[in-house]
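Examining the three-dimensional arrangement
So the chains spell out like this:
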Amino acid sequence: MARRSLHLFRDLYRSRDPFPKPFLQNPIATLLHPAISSALLQRRSHAFAAPPPPAMQNPKPSNGSGDENKSPTFHSSLNEAEVAKFSAIAETWWDFEGPFKPLHLMNPTRISFVRSTLCRHFKKDPYCARPFQGLKIIDVGCGGGILSEPLARMGATVTGIDAAEKNIKIARIHAASDPLTSSIEYICTTAEELVKGNKKFDAVISLEVIEHVADTLEFCKSLAALTAPTGATVISTINRSVRSYATAIIAAEYLLNWLPKGTHQWSRFLTPEELVLILQRASISVQEMAGFVYNPLTGEWSLSDDTSVNFIVFGTKGSE
Amino acid sequence: MMAALSTLLVKRGIARKVVAIIYNLNVIPRRNFCSVDAGGGAHSNLRVEKAQDSEEKVEMTTESGQHDIAIVGGGMVGLALACALSSIPLTKHLSVAIIDSNPALGLRTCLMKDDIPDSRVSTVTPATISFFKEIGAWEYVKQQRHAFFNQMQVWDYTGLGYTRYNARDVGKECLGCVVENKVLCNSLLLCLQEKDFEKTIYPARLTSMSFRSKYASAGTGTYQASNKSISSGTTLSDDTSEQIHHGHLVKLDLSNGKSLHAKLVVGADGAKSRIREIAGLKTTGWNYSQSAVICTVEHTVENHCAWQRFLPSGPIALLPIGDKFSNIVWTMSPEESLRHKSMSKDDFVKAVNHALDYGYGPHPQSSFLDHYMERFSRVTRHGTLSTAEYFEVPPKVTNVVSERLAFPLSLMHARDYASEQVVLIGDAAHTVHPLAGQGVNLGFGDASALAKVIAEGVKVGTNIGELSLLKQYEKERKAANVTMMAILDGFQKAYSVDLGPINLLRAAAFHSAQYIAPLKKNIISYAMGEQKWPLFS
């Protein structure tokens, strides 16, 4: 516990530090994958990432500020390179055996967390087939709509947004084929843009997105701004731990080929403590947290309290 | 888009009127309808739909013919699935279509207990009984004829192998229950009718099944290209909206000219499944070059035990069916089955009594081996009560009271139980040797598992036709079904040879099953369907 608060304190301290410091937090990444990690270090959120140490020998890719230049229409929390990466494989969103297979496998597990927390928060009957009836939910970073569609089937009025035009196109075509999901409103935009339109939602959900975002604090602030005063926010991501490096990067991308190489950038991952802290600064107080664990024998994911790799948090808007 | 939708609505409105007119011509009170005889043909079919419609208030779904799930085959397993779906809170909102040309589906007759029992019976295991209780159908079975049995005697013609199972060995009241198939069907139908559940029964045969082109490969342009089944009179925009609307649905065409759409098609249409064939799901299996002769027989006393004797040609089973009746399932070569089917009643009765008594070999005798085993089991304090029970001769058969039916036996197993939007349950996925009466129990296991998987899918907002969801069902059931099939096939193979050493091996196996209590318990629990694996659990 003491160590955890120390960690939190350090991060808080780091995030407020106006002067760059050598980045020492992930030596493993630097050792194993200098090319990837250095490129990614530079793109880490402004809140936590310090610029790369001068000693790094790698060629300098376009960094965080460069990204912003490439997307003049959208606010800074967007990472243009990530958008391009997902556009390239957008066609395969609904291919269960394709690049998004791990996400499909994980989907029921993360949805069951969303379902149980939202049912509790909004006092809905968890044994009913459409418990989200009457709730306005936004899926931020909806991709091909693999979360938006289930939410719509569960009765919610769903808005799905994604920065990649291609994703939105795929999502629209797919959703139109089922009357239950054809009411989903898909918009190619960012959370920041929506905030400008002063939109509010009962629940703001952004799963497996924050690790692809350039400015996490700005992103969380936008999520908070989209959340109605009594609403809820759900975010899931991958922990920055030794285990997550071994499983989410080495195993999933390089050994098992579950994910296209370069899908994730370890240094960009947030620890649960960091996420809680960022959310707090965005005036969202985390109420519940759970981890997902994968059982390689059964090939199934399940919820657990082990947050060392994948984890999900549920928060409500705190009054500041 | 709006224009297209409104056109669609107008079309539907007209259709509703037309249907209403047709139905108005046949207004018949439901009670009357229930007693309409089965041979009514097309005329009675219409009334079946009328009755269903007025009862379930499913106007919209009937006319648009759009359902969540279409169950093809309204037999025991198909009806059990419908019942299971209607009893789970998460799935009871689903609209279900049942497609079967069997007119009995529309009839609502309460069976008379003093009828002569039908020769088509099922031995339901305690696991199946609890499934029926869960879905609320068991109370209807209880009101009709059924026969519990708490003992089972299995022996073979060599006089070496003999074992006797007692429900007490596993601390249960019964080992199983013999119920006529028509009683099971009727109970499930009654149960389904009591529930507030959106279901439509289509009294017709399936003629074809077609899938729309995949959305992913198709832009909006291909929606029109793939849309050939819509009549040419409609406008283009109408086509498109309809196509988009039905884009993810499977279209089923029926023999009465109707068609319907469903998100998920369940093939519960038996061993010769048409759904399996159209979906292109491959099977493996073989014929046993054996046939089973089934019929109902009468005794002078009531029978409370299930009897099974392995004969050189195959097993013969005598199952209690209530009152002084029993059911015979006798496996033999196809030629012999024809002979036994056509021989006189008296000759058949003689043949049955012969086969269940001294025919083909002696009664099992207590041998030195038995004494040794008994002492062993007493020493290990694992002795079960029935080790002390001695061989009994089954009650004599006095008369054959039903028609004798013969059907060929085979083993068949579908390599995949599911493809996109299609799933197989029951005999459509697997047929087994009837020697332990497990076939229909496996089917009920499928129905129960599929309903639960669908509920899980609904819970997390999955499209119920999604292959990844259906694969979960397949994964769960395949293991269980293959294990049981392998065991039954092994039994069949073990008894298809008559050779000294093999006979001894069989006898040894029988003895271990009789005297090694933990093994015996395992075997009984497994056969009762309460345990997933035969050993080590």
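Residues numbered from 1 in each chain as written. Chains lettered and ligands numbered in written order. Predicted model: local features only at pLDDT ≥ 70, side-chain atom pairs only at ≥ 80, totals over all residues. Heavy atoms only, no water.

1. Points about the sheet that holds strand S4 (residues 201-207) of chain A
All names here are of chain A. Strand order in the open sheet made by the eight strands is S3-S2-S1-S4-S5-S8-S6-S7, with mixed pairing throughout. Here the strands that pair on one side only, and so sit at the sheet edges, are strand S3 (185-188) and strand S7 (300-304). Neighbouring strand axes in the sheet, compared pairwise and without regard to direction, differ in orientation by 20 degrees on average. Examined bridge by bridge, S4 and strand S5 (residues 227-238) share six bridges and lie parallel to one another. Bridging across to S5, Ala-203 finds its partner in Ala-232. On top of the sheet, helix H10 (residues 216-226) reaches strand S1 (136-140), S4, S5, strand S6 (284-295) and strand S8 (310-317); it is set at about 145 degrees to S5, its chief contact. (Pairing = 2+ DSSP bridges. Helix = DSSP H or I, 4+ residues; strand = E, 2+ residues; numbered from the N terminus. Axes fitted to C-alpha atoms, helices over the stretch in contact; angles between N-to-C directions. Contact = heavy atoms within 4.5 Å.)

2. A few points about the UniProt feature "binding site: Mg(2+)" (unreviewed entry) in chain A
All names here are of chain A. The feature "binding site: Mg(2+)" (unreviewed entry), as annotated in UniProt, sits at Glu-208, Glu-211 and His-212 in this numbering. Along the chain, Glu-208 turns up in the loop between S4 and H10. Its relative accessible area of 11% is what places Glu-208 among the buried residues. Within polar-contact distance, the side chain of Glu-208 engages the side chain of Arg-110 at 2.9 Å. As for its placement among the helices and strands, Glu-211 is situated in the loop between S4 and H10. On the basis of relative accessibility, which here comes to 2%, the residue Glu-211 falls in the buried class. For Glu-211, the contacting residues outside a window of four places in its chain are Ser-236, Thr-237, Ile-238, His-264, Arg-268 and Phe-269. (UniProt positions renumbered as here; feature names shortened; annotations may be inferred. Buried < 20%, exposed > 50% of the residue type's maximum accessible area, 1.4 Å probe, protein only. Polar contact = N/O pair within 3.5 Å; in protein donor to acceptor, adjacent residues only side chain to side chain.)

3. Digging into the sheet that holds strand S7 (residues 176-180) of chain B
Sheets are built from strands that pair by backbone hydrogen bonding, the pairs being arranged parallel or antiparallel. All names here are of chain B. The strand order S3-S7-S4 describes an open sheet built from three strands, whose pairing is antiparallel. Since the sheet does not close on itself, it has two edges, and those belong to strand S3 (121-124) and strand S4 (146-149), each with one partner. Each adjacent strand pair in this sheet contributes to an overall mean axis angle of 20 degrees, direction not counted. Bridge count for S4 against S7 is four bridges, and the pairing is antiparallel. Across the sheet, Phe-149 pairs through a bridge with Gly-176, a residue of S7.

4. Let's talk about the layout of surface pockets
Counted as a void, the second largest pocket has a volume near 1,300 Å³. As for the second largest pocket, its lining consists of 47 residues, of which His104(A), Leu105(A), Ser468(B), Leu469(B) and Gln472(B) are closest to the centre. Looking at the lining of the second largest pocket, the elements with two or more residues in it are helix H6 (101-121), helix H7 (148-153) and S7 of chain A together with helix H15 (439-459) and helix H16 (467-494) of chain B. The element best represented in the lining of the second largest pocket is H6(A), accounting for nine residues. (1 Å grid on protein atoms, 1.4 Å probe; cavity = no way out; pocket = protein on both sides within 12 Å on 5 of 7 lines; lining within 4 Å. Points joined across faces, edges and corners; volume = space filled by probe spheres on them.)

5. Notes on the packing of helix H5 (residues 76-87) of chain B against helix H6 (residues 126-135) of chain B
Residue and element names in this part refer to chain B. The interhelical angle for the contact between H5 and H6, taken along N-to-C directions, is 50 degrees, at an axis separation of 9 Å. Between H5 and H6, the angle is such that the two are oblique. Residues Ala-80, Cys-83, Ala-84 and Ser-87 of H5 lie in contact with H6, whose contacting residues are Phe-131, Glu-134 and Ile-135. Residue composition of the contact of H5 with H6, by class: five nonpolar, one polar and one charged. (Parallel < 35°, antiparallel > 145°, perpendicular 65-115°, else oblique. Nonpolar A, V, L, I, M, F, W, Y, C, P; charged D, E, K, R; others polar.)

6. A word on the confidence of the model for chain A
Here chain A averages 76 in pLDDT, and 73% of its residues register 70 or above. Predicted confidence is poor over residues 1-73 of chain A, with pLDDT under 50, and the contacts of this stretch with residues over four places away or in other chains come to 99 contacts. (pLDDT = per-residue confidence, 0-100.)

7. Side note on the UniProt feature "binding site: S-adenosyl-L-methionine" (unreviewed entry) in chain A
Residues and elements named next belong to chain A. The residues that UniProt annotates with the feature "binding site: S-adenosyl-L-methionine" (unreviewed entry) are Arg-110, Gly-141, Asp-162 and Leu-207. Along the chain, the position of Arg-110 falls in helix H6. Note on Arg-110: relative accessible area 3%, which makes it buried. Relative to the elements of secondary structure, Gly-141 occurs in the loop between S1 and H7.

8. Side note on the packing of aromatic side chains
Counting across every chain of the model gives 12 aromatic pairs over all chains. With a centroid separation of 6.2 Å and 50 degrees between ring planes, the pair formed by Trp330(B) and Phe348(B) is classed as tilted. With a gap of 18 residues between them, Trp330(B) in strand S15 (residues 325-332) and Phe348(B) in helix H13 (residues 345-355) connect regions that are remote in the sequence. This pair shows no difference in class: Trp330(B) is buried, exactly as Phe348(B) is. When the centroid spacing of 6.1 Å and the interplanar angle of 50 degrees are considered together, the rings of Tyr417(B) and Tyr473(B) count as tilted. Of this pair, Tyr417(B) sits in the loop between strand S17 (405-414) and strand S18 (418-419) while Tyr473(B) is found in helix H16, placing the two residues 56 residues apart along the sequence. A residue is classified by how much of its surface remains accessible, and Tyr417(B), at 0% relative accessible area, is buried. Through a chain of ring-to-ring contacts, three or more aromatic side chains come together here, namely Phe131(B), Phe132(B), Trp138(B), Phe148(B) and Phe444(B). One cation-aromatic arrangement involves Lys136(A) over Phe201(A); the distance from NZ or CZ to the ring centre is 5.3 Å. The positively charged end of Arg404(B) is found above the aromatic ring belonging to Phe348(B), 4.9 Å away from the centroid. (Phe/Tyr/Trp six-rings, centres within 6.5 Å; stacked < 30°, edge-to-face > 60°. Lys NZ or Arg CZ within 6 Å of the ring centre and 35° of its normal.)

9. Considering the packing of H5(B) against helix H8 (residues 181-194) of chain B
Residues and elements named next belong to chain B. The N-to-C vectors of H5 and H8 enclose an angle of 25 degrees; their axes lie 9 Å apart at closest approach. Considered as vectors, H5 and H8 are oriented roughly parallel to each other. The element H5 and its partner H8 pack so that their crossing is left-handed. Residues Met-76, Leu-79, Ala-80, Ala-82, Cys-83 and Ser-86 of H5 touch H8, and the partners they reach there are Asn-181, Leu-184, Cys-185, Leu-188, Leu-189, Cys-191 and Leu-192. Its residues assigned to classes, the contact of H5 with H8 shows 11 nonpolar, two polar and no charged. (Left-handed = near helix turned anticlockwise from the far one by under 90°.)

10. Observations regarding the pattern of salt bridges
Within the structure shown, the criterion is met by 23 salt bridges over all chains. Close ionic contact of Arg153(A) with Glu149(A) constitutes a salt bridge, the shortest N to O distance being 3.4 Å. One end of the pair, Arg153(A), and the other, Glu149(A), are both in helix H7, four residues apart, so they sit about a helical turn from each other. Like Glu149(A), Arg153(A) is buried. Two residues, Asp253(B) and Lys251(B), come together in a salt bridge whose shortest N-O distance is 3.2 Å. Residue classification places Asp253(B) among the buried residues on the basis of a relative accessible area of 19%. Each member of the salt-bridge network shares a partner with another, and the members are Glu149(A), Arg153(A), Asp178(A), Asp68(B) and Lys263(B). (Salt bridge = Lys/Arg side-chain N within 4 Å of Asp/Glu carboxyl O.)

11. Focus on the interface of chain B and chain A
Taken together, the contacts link 21 residues of chain B with 23 residues of chain A. Counting each side, the surface lost to burial between chain B and chain A is near 1,800 Å², with a carbon and sulfur contribution of 60%. For the pair chain B and chain A, the number of links is two salt bridges. Measuring nitrogen to oxygen at the nearest pair gives 3.4 Å for the salt bridge that ties Glu300(A) to Lys475(B). Summed over the shared surface of chain B and chain A, the number is four residue pairs in polar contact (both at pLDDT 80 or more). When grouped by side-chain class, the residues that make up the side of chain B that touches chain A number eight nonpolar, nine polar and four charged. (Buried area = accessible area lost by both parts, 1.4 Å probe.)

12. A word on the environment of Pro99(A)
Secondary-structure assignment places Pro99(A) in the loop between helix H5 (80-88) and H6. A C-alpha to C-alpha distance of 20 Å links Pro99(A) and Thr298(A), two positions 199 residues apart in sequence.

13. Describing the confidence of the model for chain B
All names here are of chain B. Of all residues in chain B, 68% have pLDDT values of 70 or greater, and the mean over the chain is 75. Least confident of the elements in chain B is helix H2 (residues 30-34), whose mean pLDDT is 34; most confident is strand S19 (residues 422-424), at 96. Across residues 1-63, confidence stays below pLDDT 50; counting only partners more than four residues off in sequence or on other chains, it has 75 contacts. Reported confidences for the modelled complex are a pTM of 0.75 and an ipTM of 0.71.

14. What about the pairing of strand S11 (residues 259-267) of chain B?
Residue and element names in this part refer to chain B. For S11, the buried fraction is high: eight of the nine residues fall into the buried class. Pairing of strand S1 (residues 66-72) with S11 involves six bridges; the strand directions are parallel. Bridge pairing in S11 places Gln-66 opposite His-261. Sheet topology places strand S10 (residues 250-254) next to S11; four bridges connect them, and they run antiparallel. Along S11, the bridge assignment pairs Leu-252 with Leu-260. Direction of pairing for S11 relative to S19: parallel, over a ladder of three bridges. Residue pairing in the sheet places Val-265 in a bridge with Val-422 of S19.

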